[in-house]
Amino acid sequence: MSFPPRRPSRPVLRRRRRGAALPTVVVLVAVVIAVIVGSRIASDVWWFDELGFLSTFTRKLWLQLALFVVGGLLLAAAVAVSLTVGYRSRPVYAPLSTEQAGLDRYRESLEPLRRVVVVVLSIAAGLFGGSVAMSRWETLLLWLNRTGFGTDDRQFGIDQGFYVFTLPWLTFLISFLTAAVVLAGLGGLAAHYLYGGLRLSGGGQRTTRAARIHLATLAALFLLLRAAGYWLDRYELMVSSSGHVRGVVGPTYTDVHAVLPAKAILAIIAVVVALLFVAAAFGTSWRLPAIGTGLLVVSAVAIGGIYPWAVQRFQVTPNRQSLESQYVEKNIEATRSAYDLADVEVTTYEADTTATTGQLSADADTIPSVRLLDPSIVSQAFQQTQGQRGYYKFPDVLDVDRYASPDGNTRDAVVAARELNLSGLSDNQRTWVNEHTIYTHGYGVVVARGNDRAPDGSPSYLESNVPTTGEIDIEQPRIYFGEGTETYSIVGGQDNEIDYPDGSPGGFATTQYDGSGGVAVGGLLEKLVYALKFGDQNILLSSSVKENSKILYDRTPRERVEKVAPWLTMDGDAYPSVVGGRVVWILDGYTTSASFPYAAQTELGEATTDTLTQTQGSSVQALQDRTVNYVRNSVKATVDAYTGKVTLYEWDETDPVLQAWMKAFPGAVQPLSEIDGTLMAHLRYPQDMFKVQREVLSSYHVTDAASFLTGQDFWDVPDDPTIESQNGAKAAQPPYYLTLRMPDQEAARYSLTTTYVPASTQNNSGTQVLRGFAAVDSDAGTQKGEKSEGYGTIRLLELPQSSTVNGPVQIQNNIRSDTEVAEQVRLLSLGGSSEVKYGNLLSLPVGGGMLYVEPIYAQSTGNNSFPRLSRVVAVFGDNIAIANTLDEALDQVFGGNSGAGAGDAGSPPVGADGNPTQSPAPTPTGTAPADGGTTGDAQTQLQQALANAKQAITDSSAALARGDFAAYGEAQQRLSAAVDAATAAEARLEQAQAPTPTADPSATGAPPTP
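Residues numbered from 1 in each chain as written. Predicted model: local features only at pLDDT ≥ 70, side-chain atom pairs only at ≥ 80, totals over all residues. Heavy atoms only, no water.

A. Quick look at the overall build of the protein chain. For the protein chain, the helix and strand inventory stands at 26 helices and 32 strands. With 1010 residues in all, the protein chain has 53% of them scored as buried. Summarising the internal contacts of the protein chain: among those between residues at least 6 apart in sequence, 70% fall at separations of at least 24. Per element, the accessible surface of the protein chain, about 44500 Å² overall, is 55% carbon and sulfur. (Helix = DSSP H or I, 4+ residues; strand = E, 2+ residues; numbered from the N terminus. Buried < 20%, exposed > 50% of the residue type's maximum accessible area, 1.4 Å probe, protein only. Contact = heavy atoms within 4.5 Å. Areas by Shrake-Rupley, 256 points an atom, 1.4 Å probe, with all protein chains shown as cover.)

B. Here's a closer look at the pairing of strand S17 (residues 575-579). Extensive coverage of S17 is indicated by the burial of five of its five residues. A two-sided burial pattern is seen for S17, the buried positions comprising Tyr575, Ser577 and Val579 on one face and Pro576 and Val578 on the other. Bridge analysis of S17 against strand S18 (residues 582-593) gives five bridges, and the strand direction is antiparallel. Across the sheet, tyrosine 575 pairs through a bridge with isoleucine 586, a residue of S18. What sits between S17 and S18 in their antiparallel hairpin is a turn of two residues, with glycine 580 showing a positive phi close to 60°. (Pairing = 2+ DSSP bridges.)

C. Geometry of the layout of surface pockets. When its volume is computed, the largest pocket comes out at roughly 1500 Å³. Surrounding the largest pocket, 47 residues form its lining, Arg246, Ser698, Ser699, Trp715 and Asp716 being those nearest its centre. Only strand S19 (602-603), helix H16 (604-607), helix H19 (687-700), helix H20 (705-710), strand S23 (715-716) and strand S25 (749-758) provide two or more residues apiece to the lining of the largest pocket. Top element by residues in the lining of the largest pocket is H19. It accounts for six residues. Its residues placed into classes, the lining of the largest pocket shows 19 nonpolar, 17 polar and eleven charged. (1 Å grid on protein atoms, 1.4 Å probe; cavity = no way out; pocket = protein on both sides within 12 Å on 5 of 7 lines; lining within 4 Å. Points joined across faces, edges and corners; volume = space filled by probe spheres on them. Nonpolar A, V, L, I, M, F, W, Y, C, P; charged D, E, K, R; others polar.)

D. Looking closely at the sheet that holds strand S3 (residues 399-404). In space, the five strands of this open sheet follow the order S3-S4-S7-S8-S9, with antiparallel pairing throughout. Strands with a single pairing partner mark the edges of an open sheet, and in this sheet they are S3 and strand S9 (469-470). Bridging between S3 and strand S4 (residues 410-417) involves six bridges; their strand directions are antiparallel. Residue aspartate 401 lies in a different strand from S4, and its bridge partner there is alanine 413. In the packing of helix H11 (residues 379-386) onto the sheet, contacts are made with S4, strand S7 (445-449) and strand S8 (461-464), and the angle to S8 comes to roughly 50°. (Axes fitted to C-alpha atoms, helices over the stretch in contact; angles between N-to-C directions.)

E. Highlighting the pattern of salt bridges. Tallying each qualifying case throughout the model produces 24 salt bridges. Between glutamate 333 and arginine 154 there is a salt bridge whose closest N-O contact spans 2.6 Å. Highlighted residues: glutamate 333 in helix H10 (residues 320-338) and arginine 154 in the loop between helix H5 (137-144) and helix H6 (160-194), separated in sequence by 179 residues. With relative accessibility at 48%, the residue glutamate 333 sits in the partly exposed group. Owing to a relative accessible area of 46%, arginine 154 belongs among the partly exposed residues under this scheme. Here aspartate 640 makes a salt bridge to arginine 582, at a shortest N to O gap of 2.8 Å. In this pair, aspartate 640 sits in strand S21 (residues 630-640) while arginine 582 sits in strand S18, placing the two residues 58 residues apart along the sequence. Classification of arginine 582 as partly exposed rests on a relative accessible area of 29%. One salt-bridge network, held together by shared partners, links Arg402, Arg749, Asp777 and Asp779. (Salt bridge = Lys/Arg side-chain N within 4 Å of Asp/Glu carboxyl O.)

F. Summary view of the packing of helix H2 (residues 54-88) against helix H4 (residues 114-134). Relative to each other, H2 and H4 sit at 150°, their axes nearing to 7 Å. The orientation of H2 with respect to H4, classified from their angle, is roughly antiparallel. For the element pair H2 and H4, the recorded crossing hand is right-handed. Along the lines of polarity and charge, the residues of the contact of H2 with H4 split into 15 nonpolar, eight polar and one charged. (Parallel < 35°, antiparallel > 145°, perpendicular 65-115°, else oblique. Left-handed = near helix turned anticlockwise from the far one by under 90°.)

G. Spotlight on the sheet that holds strand S11 (residues 489-491). If you trace the three strands from one edge of the open sheet to the other, you get S11-S15-S14, paired in antiparallel fashion. Two strands bound the open sheet, and with one partner strand each, they are S11 and strand S14 (519-520). Two strands pair when backbone bridges link them, and S11 and strand S15 (residues 550-552) are joined in this way by three bridges, in the antiparallel orientation. Looking across to S15, one finds that serine 489 is bridged to leucine 552.

H. Fine view of the side chain of aspartate 44. Within the fold, aspartate 44 resides in helix H1 (residues 21-51). In contact with aspartate 44, not counting residues within four places along its chain, are Phe57 and Lys563.

I. A look at H6. The end-to-end C-alpha separation of H6 is 51 Å, in line with the 51 Å expected for 35 residues at 1.5 Å each. Where H6 bends most, at threonine 166, the angle is about 45°, and the proline proline 168 comes one to four residues later. Glycine 196 occupies a position one or two residues after H6 and carries a positive phi of about 95°. (Expected span 1.5 Å × (residues − 1). Bend = angle between axes of the 7 residues up to and from the residue.)

J. Fine view of the packing of aromatic side chains. Per the stated rule, a full pass over the model turns up 39 aromatic pairs. Their ring planes at 75° and their centres at 5.4 Å tell us that phenylalanine 162 and tyrosine 235 sit as a pair that is edge-to-face. Residue phenylalanine 162 is located in helix H6, and its partner tyrosine 235 is located in helix H7 (residues 209-236); the two are separated by 73 residues in the primary sequence. Each of the two residues, phenylalanine 162 as well as tyrosine 235, counts as buried. Here tyrosine 685 and tyrosine 791 contribute two aromatic rings whose centre-to-centre distance is 5.8 Å and whose plane-to-plane angle is 55°, an arrangement assigned as tilted. (Phe/Tyr/Trp six-rings, centres within 6.5 Å; stacked < 30°, edge-to-face > 60°.)

K. Quick peek at unusual backbone geometry. Residue proline 467 is reached from valine 466 by a cis peptide bond, and omega for that bond is -5°. Tracing the backbone through its elements, the reader meets proline 467 in the loop between S8 and S9. The phi dihedral of asparagine 465 is positive, around 70°, even though this residue is not glycine. Structurally, asparagine 465 can be placed in the loop between S8 and S9. Not every positive phi belongs to a glycine, and asparagine 864 is a case in point at roughly 60°. Within the secondary structure, asparagine 864 sits in the loop between strand S30 (851-860) and strand S31 (868-876). Taking relative accessible area as the criterion, asparagine 864 reaches 40% and is therefore assigned partly exposed.

L. Summary view of empty space enclosed by the protein. In this structure the tally under the stated criterion is six cavities of 30 Å³ or more. There is about 190 Å³ of room inside the largest cavity. Surrounding the largest cavity, 21 residues form its lining, Pro375, Leu612, Gln687, Pro735 and Tyr736 being those nearest its centre. Listing elements by their share of the lining of the largest cavity, those giving two or more residues are S3 and strand S24 (736-740). If you add up the space inside the second largest cavity, you get close to 60 Å³. Every residue lining the second largest cavity is listed: Gln733, Pro734, Pro735, Tyr736, Thr753, Thr754, Thr755, Phe773, Leu841 and Ser843. Sorting elements by how many residues they give to the lining of the second largest cavity places S25 first, with three residues. Here the lining of the second largest cavity is composed, by residue class, of five nonpolar, five polar and no charged.

Right under this line is the structure:
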């Protein structure tokens, strides 16, 4: 038997199992991301819920998610659909050509991954679109809750609210849709070219019918969107600068007569060309759309570019004053309205420069309020005299507030909170338990009189010490939330938080937090969530975290307000006040816009930068650097230093932007009527608002269009003459809080002040004569829910251009070059063993002229020293006097009697160590030294005393370094004795060397000549 040959069996193909590693890794990564994101969201929900702002957080979160989804889906769908249509409408047979033959290998390589590529590109476009869309949640909310301004713009007659609320959203919408069409078009072009629907070479039709319809439709959509963009550009001219008139925002003559018509014409042409593309989709030729596109490009160049240039060059430039004046007037009016400068009270001030006896008698209520303490210098004095322990700290720049004195009058005061300073702990104290559960809070507010000092030159305190004592009633002095408190604390679980140092055996009192602030962290879930949030396993594992523990975080006042009201721009200086027996931080919030029609633009960061913001470690910050052209101080905010509670109060009830935000977040802002009178007494006009206004006012004090166009009377804020910034460059002088009476006021008012000098140019650094002085009424009043009459009124004194009153820089130069001042500075420096610091140079329009007052501080170069207020300089006209007190200095300037008392007449002269020094008043001449010694004896004694002082300083430093406080005290006593000896020798030396005058004015009782 024969059998057919047996077919060999085919090899068994075993399908390789895909490894489980990659899916497992992907799932694990997804789980980790979900857990981390979930923990962040959960912690935020708990945090906002504890503060009562949960609806603000959820509304913002859901809106951002919705925008992300919608924006992401739109761009992802545009790319995915375009790529899919390009692939599915490909020709069955690719045209035979060299071009297509070269594309074959790309098609073959791409085919196995085609769907993956489409998905990846779509997801990438979606992520991009989603992230862009969600960032515009504020724009959408303002549009949805828009309100009217009640005033129409002067070009189109449209309510100004259209530009602030609607135009930004429409502009974004057009831009976003244009991006979607462009991405879809690029995807469609690539797909049609790759699969043969579009050819660049070869005979016959270059596109298939399907490709033509697809691409023509996208081109038509793009042109329609571009037409809408051209039309909106007409309104964008109202909020942008064409550069035809320097610094002027809004349409100028060329814009109105050339650019606006050009934009309308281009919009019409774009619509016509779009219709040509629609026609081409159903035709066979691209000729008409190509011609139309070329026409649009040529029109954009000719009508949109060349024609406006020609109008500007040949019509406007030769007739600039007459043609541009009406548009500059619109810009001036809108700018002053946008920055709340419409009601500035301007007065011409003929400043007198001659000092006469009794000249300050009309300013008797201003002079006693002159603040002698410089908040940027006395921080070290606060630290050394009130720091108590290394774990307490005061900010480098203190704040100015007001408190009532025993006589019932309100006086300016320098204030600071004694905050926790973990960096002050020793290395062996820096444990997790100590840093997060033991050392949890600061203690008390220190308040010093602004116009007084202690006998040793240190601040004179209204409220001080630990426990707190003084004239201010503080029921809850603990500072759990403050400007320097940046780490989290876990409190309330046990009674072992260090409260304050005392005389107990342990060295300190303890407390247990029982406030309403903080998020409960006693449960396992909460511990896990916060361990993930802060990346700290100790929260989960430590036995110090009890069942009733709470976690405090995001503890700086500015940070807390910015989180609950992200739509506000916060002032850079939060300040502490005692309100109703509790320490609260007071902050100012601004509503801003960059879309107010015809208003000039301002860089917030540049306008709010001065020497205080550039001081290292300063608590005063400049605003975020962004461009705006509308600002309102619309909200006052408070943060309780013990509970962290945030309260927002409506301050500007007429601000439409605030009204829109209050509609968007109902209940987030309390009405003005809820502000208690005790809080109202500590509210003030904000510094950053005034900085922005003074920057704008430096140009827009000029209200005449012709004068504005010349720019001859523009001003600058002078550089701070007493302080240099960190890099050695000069920065603007900060505004100063002062209680003063302006020439047109009946009584002195708490004010924020600034000076002006002529503007510098590129080729001229500018003269430093005084050109203007501005003060804004900063007293909010004391009645519940009622602002005081006049609050926010800006008064501007304009000095005639012919006047030659010295400005702050010139005055400081004169002070430093004055022989009597130089001699006193030399005495205070003790031969180099101490440093002399010039305090803030205050400017006051009193006595019919300008009075300048500058405190001078002396600080020993030894360890643990601090600046002591030692002298006061007063300047009026060309008269300069330096004395122990402001009273004495004023009397010397004004012929022996100024006519007003400063209230500091009892302050003795002190040196860098706080001990009495020689009076700067002229010493009667013609008498021998008190000890009958010679000049050589006095010189030898002076040199020996200085050598002894130097050795005592060296011994003090060495003793302190090794912890020998007995030796340190002995060395300090030797230093004090050496200083006294040096001062006495200096006095004898001067008496011996002084010439004997022919007549001694002091002998006849005549006042010294200023």
